[in-house]
Amino acid sequence: MKPLSKNDINSFLKRFGSFIDAELRSIEILAPTAIKITFTAQDAARGFDWIIIELEFKGVSDAKVVENSKLPHIDMSNGITLLFMDNTFTFALGAYNTPLAATNSICYIKATSLKYKEGSF
């Protein structure tokens, strides 16, 4: 897993097209303060080939997650939101401009640490 710094968020989202039309594969609660989300997404750095991306959030202070059985029904046409404010990463399904607005998403996570891992499709 590689740490994702606050300075790299925009280039990360651009590389994966903000995860628009990606596939949300799984959400795993690893511990009371750790959650892992797995996506398949197109990677601009690899000629838009599909790859697997795992996002691991640690230091989770607030979250609302969706059951894995419902993931195939989630519309990813608005992609994801990743923000960093007040020393907290905010992740949400959909497009949001503020951490407060992101809490309106069907799935959001607020955490102090974010790492990612790339894998073959």
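Residues numbered from 1 in each chain as written. Predicted model: local features only at pLDDT ≥ 70, side-chain atom pairs only at ≥ 80, totals over all residues. Heavy atoms only, no water.

**A look at the sheet that holds strand S4 (residues 49-58)**
Then, in step 1: In spatial order, the strands read S1-S9-S4-S3-S2; together these 5 strands make up an open sheet with antiparallel pairing. Looking along the sheet, the strands with just one partner apiece sit at the ends: strand S1 (2-3) and strand S2 (23-31). (Pairing = 2+ DSSP bridges. Helix = DSSP H or I, 4+ residues; strand = E, 2+ residues; numbered from the N terminus.)

**Concerning the side chain of Thr-81**
Then, in step 1: Residue position: Thr-81 is located in strand S6 (residues 80-85).
Then, in step 2: For Thr-81, a relative accessible area of 4% translates into the label buried.
Then, in step 3: Here Gly-94 takes part through its backbone oxygen, which lies 2.6 Å from a polar atom of the side chain of Thr-81.
Then, in step 4: For Thr-81, the residues in contact, after removing those within four places along its chain, are Thr-90, Phe-91, Ala-92, Gly-94, Ala-95 and Tyr-96. (Buried < 20%, exposed > 50% of the residue type's maximum accessible area, 1.4 Å probe, protein only. Polar contact = N/O pair within 3.5 Å; in protein donor to acceptor, adjacent residues only side chain to side chain. Contact = heavy atoms within 4.5 Å.)

**A few points about the pattern of salt bridges**
Then, in step 1: Throughout the structure, instances matching the rule amount to 8 salt bridges.
Then, in step 2: A salt bridge links Arg-15 to Glu-118; the nearest nitrogen and oxygen atoms lie 3.0 Å apart. With Arg-15 in helix H1 (residues 9-15) and Glu-118 in strand S9 (residues 113-120), this residue pair connects regions lying 103 residues apart in the sequence.
Then, in step 3: Its relative accessible area of 22% is what places Arg-15 among the partly exposed residues.
Then, in step 4: By relative accessible area, which is 23% here, Glu-118 ends up partly exposed.
Then, in step 5: Across the salt bridge formed by Lys-36 and Glu-54, the nearest N and O atoms sit 3.9 Å from each other. (Salt bridge = Lys/Arg side-chain N within 4 Å of Asp/Glu carboxyl O.)

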